Amino acid sequence: MEVRQAADRRAQIIRLFTLLGGVYFFAYFLLPESAIEAIGLKERQEPISNGFIAIGAMAIGLGLLNLVSAHGSRLAFRKKGWVYSLALLSGLFSMIVVTALQWRQSLGATAELRKIQVVSDFAQRISQDAEGQKPAPPLSTRIEALQRYASEQLSALDVGALSPGTSDSPLRGELRQSAQALREKISVAPAESGEALTPPTKEWLEAVAKAGSKLGAALSAYQRELASGTTVQQLYSLLYEGVFTQLGAAMFALLGVYIASAAFRAFRIRTVESALMMTAALVVMLGQISLGRMVSDQLPELRQWLLEVPNSAAFRAIRLGAAVAGLMLAIRMWLSIESRSFSSRKK
Amino acid sequence: MVGFEHATPGILCMVLFALGLLLFELQRTSRGHKHFIRRIPGIDAVEDAIGSCAEMGRSVVFTTALTDVGPVLYACLGVLHSVAKRTAGYKLKLVVPQYSPEAMAIVEDSVRDAYNDAGRGAAFDPQSIVFLSSEQFAFASGYMGLVHREKAGAAFLFGVFAAEALVLAEAGQQVGAKQVAASVSPEQVAFFICTCDYTLIGEELFGASAYLSREPVQVATLAAQDRLKLLFAVLIALGVACATAKELVPGLAMPEIASFFSADWSIFAWK
């Protein structure tokens, strides 16, 4: 009895969250931006999106657990096909380990890059705040702070990525040039830096933002070049680009063979429908290639008509039917009007 | 996310109308009104396929492919519930390969419920819900291997599909499985027609669970969606007639049907 009550309570909570979630997304979808801002939905968007990302991340863990338990037990008890499970688990764990190592290695580089990107963001923010007359410290104070911050970052870069000991390369040369360009920009203070944003100040801020952004891109490229030489990065490239991407491409290539075999079966003319399908396919295929024009000048036009008129009509009918059915089901889900089999009323 | 051009008062009216229609049909059904559902051979084939698996002692594979949590998944769950109940009744092995980890938890719950409903809750094996991969072609290769190893007698492909559709359907074809596919992705329908024994097109997927279970809530939803489709058909016909009349008789004042849906909130002078 108690178990039943707990399950009912759980079902009620799920229904409540479903309803509230539906109300939120529906309002966000439907209302104009001014109304969303007025009722304070816009500022809550980011934490709510983060919540969904967190739920998605938890679900990935669920998938991982399923994989490990299904294949781990097959491997442990040497069930039929255990070799495949071993291959899968080896691939899974080696990818996790290598990706974690790569992430750890990139932490320092990411922090260094972020500090440089802040120069550009800060310059843009000063400009936007001054234009929007948002409450902020005096403009001159902020500009001084920007100059000071950018100088500090450039000095850090001089003893880091641009230190004399490091080996030279075209990307390092580009980084040096970008750093020099930013240094020149920040050293020249705006003609007037009073409280109001004047056109020369705005121009200067835009130039600093642009130079900061360019320096960020150059640093990112240089960091990638440096990282590509490490064992961890090479291992990652081997596993991801050398194995995973290639296997995906091989599976995709299989489609070519399967299309031929499916076409062979489908194009055996047994009924009026298959004859129609065969004729339409022949026209579309011939109309697509230059040989088609040699057969008839009208073929490409006929192909176009087939795709744009009967084919589009059928596609739209399928999409409309599915969309209407989806809408009804979505409303039912939103209001939790569900059949017993879907509800969480467990026995 | 803000500023969809189709998020208009007209859309709000349409959703409210759809809601009213659904509630009306639910009330009608609860009062005992019987709705007619036409015969759909593809859905009848689901039962036949499971029956032949029982005769041959082969396993059943059901995939929702790339379907994520949403209305399409729920439509598929209705069919999966029926399939799982029948396989539990016949003591057949059911395998449900998964692409989305979020959907996997819901699918597992639905299959467990089906086994309980069939009175064989103890026979439910959580490992029959197999997570393969969230990568499209990794999932496709995993599915191919699974169908070949299990020598599936029946394969049901329900949901959202993309380029991997043909790879999945061909895998079933290679082991001689009886296949029923249902997709809301029109681009993949042609591949399924070529490869599967039966194909449900578009909205038939949403009707399948009502057809199989005859549960009042699902049948009422099916009736409501048909009424709404009828309304759209009438609106389309009216729009075409108005546009044609306008072309034929210049200067004729005809209503702009589309403007009802496209008019934005500025008509209320919302600030």
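Per chain, residues are indexed from 1 in the order of the written sequence. Chains carry letters and ligands carry numbers; both start at the beginning, A for chains and 1 for ligands, and go up in the order they are written. The predicted nature of this model means local features are confined to residues of pLDDT at least 70 and side-chain atom pairs, given and counted, to a pLDDT of 80 or more, with totals for whole chains, interfaces and linings taken over all residues. Values reported for side chains reflect all heavy atoms of the structure, with hydrogen atoms and water molecules removed beforehand.

**A few points about the overall build of chain B**
Part 1 of the reasoning: Secondary structure assignment for chain B yields 10 helices and six strands.
Part 2 of the reasoning: In terms of overall dimensions, chain B has C-alpha extents of about 70 × 45 × 40 Å along its principal axes.
Part 3 of the reasoning: Buried residues are those whose accessible area, probed at 1.4 Å on protein chains only, stays under 20% of the maximum for their type, while exposed residues exceed 50% and partly exposed ones sit between those limits. Considering chain B as a whole, with its 271 residues, one finds that 52% of them fall into the buried category.
Part 4 of the reasoning: Here the Shrake-Rupley method, with its probe set to 1.4 Å, supplies the accessible areas, and only the displayed protein chains count as covering residues. With the model as given, the accessible surface of chain B reaches about 11,500 Å², and the carbon-plus-sulfur share is 59%.
Part 5 of the reasoning: Asp and Glu count as negative and Lys and Arg as positive, but His and the ends of the chain are not part of the count. In plain terms, the charge of a residue is placed at NZ if it is Lys, CZ if Arg, CG if Asp and CD if Glu. Here chain B contributes 20 positively and 26 negatively charged side chains, and the mean placements of these two sets differ by 8 Å. Numbering of helices and strands runs from the N terminus, with a helix taken as a DSSP run of H or I at least four residues long and a strand as a DSSP run of E at least two residues long.

**Let's talk about a nonpolar patch on the surface**
Residues and elements named next belong to chain A.
Part 1 of the reasoning: Taken together, Ile13, Leu16, Phe17 and Leu20 make up a surface patch of nonpolar side chains, about 430 Å² in accessible area.
Part 2 of the reasoning: Here Leu16 is to be found in helix α1 (residues 2-30).
Part 3 of the reasoning: For Leu16, a relative accessible area of 46% translates into the label partly exposed. Nonpolar side chains (Val, Leu, Ile, Met, Phe, Trp, Tyr) are joined into patches within 5 Å and like charges within 9 Å, using only residues with over 30% relative accessible area and no salt bridge. Salt bridge, as used here, is a side-chain nitrogen of Lys or Arg placed within 4 Å of a carboxyl oxygen of Asp or Glu.

**Looking at the sheet that holds strand β2 (residues 94-98) of chain B**
Residues and elements named next belong to chain B.
Part 1 of the reasoning: As summarised here, the arrangement of the six strands in space is β3-β2-β1-β4-β5-β6, forming an open sheet in which the pairing is parallel. Looking at which strands have only one partner, the edges of the open sheet turn out to be β3 (129-131) and β6 (198-201). Direction aside, neighbouring strands of the sheet carry axes that sit 15 degrees apart on average.
Part 2 of the reasoning: Criterion used throughout: strands pair if DSSP finds at least two bridges between them. Bridge count for strand β4 (residues 154-160) against strand β5 (residues 178-183) is six bridges, and the pairing is parallel. Paired with Phe158 across the two strands is Ala182, which belongs to β5.
Part 3 of the reasoning: Here, two residues are considered to be in contact whenever any of their heavy atoms come within 4.5 Å of each other. Only the stretch in contact is used when a helix axis is fitted, and all axes are lines through C-alpha atoms; the angle between N-to-C directions ranges over 0 to 180 degrees. Helix α4 (residues 101-117) rests against β2 and β3 of the sheet, and its axis sits at about 165 degrees to β2.
Part 4 of the reasoning: Contacting β1 (60-65), β4 and β5, helix α6 (residues 165-174) crosses the sheet at an angle of about 165 degrees to β5.

**With respect to the domain arrangement of chain A**
Part 1 of the reasoning: Partitioning chain A into structural domains gives domain 1 (2-58), domain 2 (100-228) and domain 3 (267-343).
Part 2 of the reasoning: A domain assignment, automatic or from a database, supplies the domain bounds used here. With centres defined by C-alpha atoms, the gap from domain 2 of chain A to domain 3 of chain A works out at 53 Å.

**Quick word on the interface of chain A and chain B**
Part 1 of the reasoning: Contact with chain A, which involves 63 residues of that partner, is made by 72 residues of chain B.
Part 2 of the reasoning: Two parts lose some accessible area (1.4 Å probe) when they are put together, and adding that loss for both gives the buried area. Contact with chain B buries area across many residues of chain A, yet Phe29(A), Tyr258(A) and Met328(A) alone supply 11% of it, more than any other trio.
Part 3 of the reasoning: Applying the counting rule to chain A against chain B returns two salt bridges.
Part 4 of the reasoning: Across the pair Arg319(A) and Glu187(B) runs a salt bridge, and its minimum N-O distance is 2.6 Å.
Part 5 of the reasoning: Between N or O atoms, a polar contact is any pair within 3.5 Å; within protein, one atom must be a potential hydrogen donor and the other a potential acceptor, and residues adjacent in sequence are included only when both atoms are from side chains. Across the chain A-chain B interface, the total number found is eight residue pairs in polar contact (both at pLDDT 80 or more).
Part 6 of the reasoning: Mapped onto the side of chain A that touches chain B, the elements with two or more residues apiece are α1, α2 (33-38), α3 (45-76), α8 (231-266) and α11 (299-334) of chain A.
Part 7 of the reasoning: Take the side of chain A that touches chain B: its biggest share by element is 17 residues, from α11(A).

**A few points about the pairing of β2(B)**
Regular strands have side chains that alternate between both faces of the sheet.
Residue and element names in this part refer to chain B.
Part 1 of the reasoning: Among the five residues that make up β2, five are buried, leaving the element largely enclosed by the rest of the structure.
Part 2 of the reasoning: Covered by surrounding structure in β2 are Leu94, Val96 and Gln98 together with Val95 and Pro97, the residues of both alternating faces.
Part 3 of the reasoning: With two bridges joining them, β1 and β2 adopt parallel strand pairing. Residue pairing across strands places Val60 opposite Leu94, the latter belonging to β2.
Part 4 of the reasoning: A crossover links β1 with its parallel partner β2, the connecting element being helix α3 (residues 71-90), and its sense is right-handed.
Part 5 of the reasoning: Sheet topology places β2 next to β3; three bridges connect them, and they run parallel. When the bridges of β3 are listed, Pro97 appears paired with Val130.
Part 6 of the reasoning: Handedness is read with the strands pointing away from the viewer; a crossover is right-handed when the path from the first strand over the helix to the second is clockwise. A crossover connection joins β2 to the parallel β3 through α4; in handedness this β-α-β unit is right-handed.

**A few points about the pattern of salt bridges**
All names here are of chain A.
Part 1 of the reasoning: Taken as a whole, this structure holds 16 salt bridges over all chains when the rule is applied.
Part 2 of the reasoning: Between Arg125 and Asp129 there is a salt bridge whose closest N-O contact spans 3.5 Å. Of this pair, Arg125 and Asp129 are both found in helix α4 (residues 82-131), four residues apart, which corresponds to roughly one turn of the helix.
Part 3 of the reasoning: The salt bridge partner of Lys202 is Glu131, with a shortest N-O separation of 2.9 Å.

**Focus on the side chain of Ser120(A)**
Residues and elements named next belong to chain A.
Part 1 of the reasoning: You can see Ser120 is positioned in helix α4.
Part 2 of the reasoning: Since its relative accessible area comes to 6%, Ser120 is described here as buried.
Part 3 of the reasoning: One polar contact links the side chain of Ser120 to the main-chain carbonyl oxygen of Ala209, over a distance of 3.1 Å.

**Here we look at the nonpolar core**
Part 1 of the reasoning: Counting 53 residues, the largest nonpolar core has Val83(B), Leu94(B), Val111(B), Phe156(B) and Phe158(B) as its most contacted members.
Part 2 of the reasoning: With 11 residues, the top contributor of residues to this core is α3(B).
Part 3 of the reasoning: Ignoring sequence-local partners within four residues, the contact set of Phe158(B) consists of Phe62(B), Thr63(B), Thr64(B), Ala65(B), Thr67(B), Cys76(B), Val79(B), Val180(B), Ala182(B), Leu200(B), Leu205(B) and Ala208(B).
Part 4 of the reasoning: Counting residues in hydrophobic clusters, the runner-up holds 35 residues, among them Leu255(A), Ala65(B), Leu146(B) and Val147(B). Among buried residues, those of type Ala, Val, Leu, Ile, Met, Phe, Trp, Tyr and Cys that are joined through side-chain atoms within 4.5 Å constitute a nonpolar core.

**Things to note about the packing of α11(A) against helix α1 (residues 9-30) of chain B**
Part 1 of the reasoning: Orientation of α11(A) relative to α1(B), taken along the N-to-C sense of each, is 75 degrees, at an axis distance of 10 Å. Classified by the angle between their axes, α11(A) and α1(B) sit roughly perpendicular to one another. Contacts from Leu327(A), Met328(A), Ile331(A) and Arg332(A) in α11(A) reach Met14(B), Val15(B), Ala18(B), Leu19(B), Leu21(B) and Leu22(B) in α1(B).
Part 2 of the reasoning: Of the residues contributing to the contact of α11(A) with α1(B), the split by class is nine nonpolar, no polar and one charged. Oblique is the label for any angle not covered by the other classes, which are roughly parallel (under 35 degrees), roughly antiparallel (over 145) and roughly perpendicular (65 to 115). All amino acids are sorted into three groups, where Ala, Val, Leu, Ile, Met, Phe, Trp, Tyr, Cys and Pro are nonpolar, Asp, Glu, Lys and Arg are charged, and the leftover types, Gly among them, are polar.

**Quick look at empty space enclosed by the protein**
Part 1 of the reasoning: Cavity and pocket criteria rest on a 1 Å grid covering protein atoms alone: a 1.4 Å probe that fits but cannot get out defines a cavity, protein on both sides within 12 Å along at least 5 of 7 lines defines an open pocket, and an atom within 4 Å of a point defines a lining residue. Grid points are joined across faces, edges and corners, and a volume is the space filled by probe spheres set on the points. The full count for this structure, using the stated rule, is two cavities of 30 Å³ or more.
Part 2 of the reasoning: Its volume calculated, the largest cavity comes out at about 100 Å³.
Part 3 of the reasoning: Those elements that provide at least two residues to the lining of the largest cavity are α11 of chain A together with α3, α8 (204-213) and α9 (216-248) of chain B.
Part 4 of the reasoning: The leading source of residues in the lining of the largest cavity is α9(B), at four residues.
Part 5 of the reasoning: Residues of the lining of the largest cavity, tallied by class, amount to seven nonpolar, five polar and one charged.

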